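Each chain is listed here by its residues.
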Amino acid sequence: MKKPVLVIMAAGMGSRYGGLKQLDPVGNHGQLIIDYSIYDARRAGFETVVFVIKPEIEEDFKRCIGDRVSQVMDVRYAYQLKEDLPEGYSVPEVRQKPWGTAHAALAARNVVDGPFAVINADDYYGPEAFQEIHDYLSAHEDGALYEYVMVGYLLKNTVTENGTVARGVCEETGDHYLSQITERTKIEQGPPLRFTEDDGQTWTELPEDTIVSLNMWGFTRSFLDEAWKRFPAFLDKALAENPAKAEYFLPSVVSQLIGEGKARVKVLRSGDKWYGVTYREDKPTVVNAIAEKTKAGLYPDRLWEG
């Protein structure tokens, strides 16, 4: 069985944040959020990391993080391009950005040939999640169904006081397999925790212990093959209805596969608190949290020298 690799989606430019948030330091010695994710992944057993980036940030990305990580892990790069489409399709003039998280994962399809975990670059997930997902991927292969996994978090641990967040709201079976995931793009802290689908005209409350996805998934290679096969159907609809902004969401592909009885997704749980820089105002909270974790001994002060 091949060892799982870590795929990090780092192509987003952070429009709500106001800059290239993946490269904004949060540690005492210039460490980024992504440093802590990679550190946690490495001690969990991951040996290879694939960075999905845009070509225009490659030089800065390698200087700020890639070259450093390459001293301790096998580093590979994949490039998310809006022009990376199936044969017969072209980018409409109104389209400015790539096609979403499933498209980001697909960018790695030529450098990933076995099980892999996929995460966002700008989220702090905590060490527990990396250990759980690595161990699961190392012990499960596809059988009658595709065997996938996700790490779920309590909603109350994943919100910010500085605005809304997007989360995949999960429903699961009694034995903790995912039955449905619904993307909610505007959830706010409240109280109470709640989401809107009409720009705030109406709100729906959500319990604090709702299990949500932070895009921490574990897949076999089959996921990339299935996502690529389904991409044309997404594009047909997107080009007809919303060519400028439609996104090929990773959870949407998962939901299709579950609905068709082709895959099952084990829902693991992390009790860690999420930290991220969705908004520029979030940064002080992240910096303080990392400082406290370092002081408590969870991380060395000089991350890669400890």
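Residues numbered from 1 in each chain as written. Predicted model: local features only at pLDDT ≥ 70, side-chain atom pairs only at ≥ 80, totals over all residues. Heavy atoms only, no water.

**Examining unusual backbone geometry**
- Of note, the amide linkage connecting G190 to P191 takes the cis form, showing an omega dihedral of 10°.
- Relative to the elements of secondary structure, P191 occurs in the loop between β8 (178-188) and β9 (194-195).
- Here the amide bond leading from P191 into P192 is cis, since omega sits at -5°, within 30 degrees of zero.
- Inspection of the secondary structure assignment puts P192 in the loop between β8 and β9.
- Positioned with a positive phi, D199 is a non-glycine residue whose angle comes to about 60°.
- Note that D199 resides in the loop between β9 and β10 (204-205).
- For D199, a relative accessible area of 64% puts it in the exposed group.
- Unusually for a residue other than glycine, N215 sits at a positive phi of about 60°.
- Looking at where N215 falls in the secondary structure, it is placed in strand β11 (residues 211-219).
- Overall, the relative accessible area of 14% leaves N215 in the buried class. (Helix = DSSP H or I, 4+ residues; strand = E, 2+ residues; numbered from the N terminus. Buried < 20%, exposed > 50% of the residue type's maximum accessible area, 1.4 Å probe, protein only.)

**Here we look at the confidence of the model for the protein chain**
- For the protein chain, the mean per-residue pLDDT works out to 92, and 96% of the residues sit at or above 70.
- Predicted confidence for residues 13-19 stays below pLDDT 50, and this span has 17 contacts to residues more than four positions away or in other chains. (pLDDT = per-residue confidence, 0-100. Contact = heavy atoms within 4.5 Å.)

**Describing the environment of V159**
- One can find V159 in the loop between β6 (146-154) and β7 (165-172).
- Once the C-alpha coordinates of V159 and V253 are considered, the two residues, 94 residues apart in sequence, prove to be 25 Å apart.
- Beyond its immediate stretch of four places on either side in the chain, V159 contacts V165, I187, Q189, L193 and W274.

**Points about the packing of helix α1 (residues 33-44) against helix α2 (residues 58-69)**
- Packing of α1 against α2 brings their axes to within 11 Å, and their N-to-C directions diverge by 15°. With respect to each other, α1 and α2 are oriented roughly parallel. α2 is crossed by α1, and the crossing has right-handed handedness. Each of I34, D35 and I38 in α1 lies in contact with α2, whose residues at this interface are F61, I65, R68 and V69.
- Class assignment of the residues belonging to the contact of α1 with α2 gives a composition of 5 nonpolar, no polar and 2 charged. (Axes fitted to C-alpha atoms, helices over the stretch in contact; angles between N-to-C directions. Parallel < 35°, antiparallel > 145°, perpendicular 65-115°, else oblique. Left-handed = near helix turned anticlockwise from the far one by under 90°. Nonpolar A, V, L, I, M, F, W, Y, C, P; charged D, E, K, R; others polar.)

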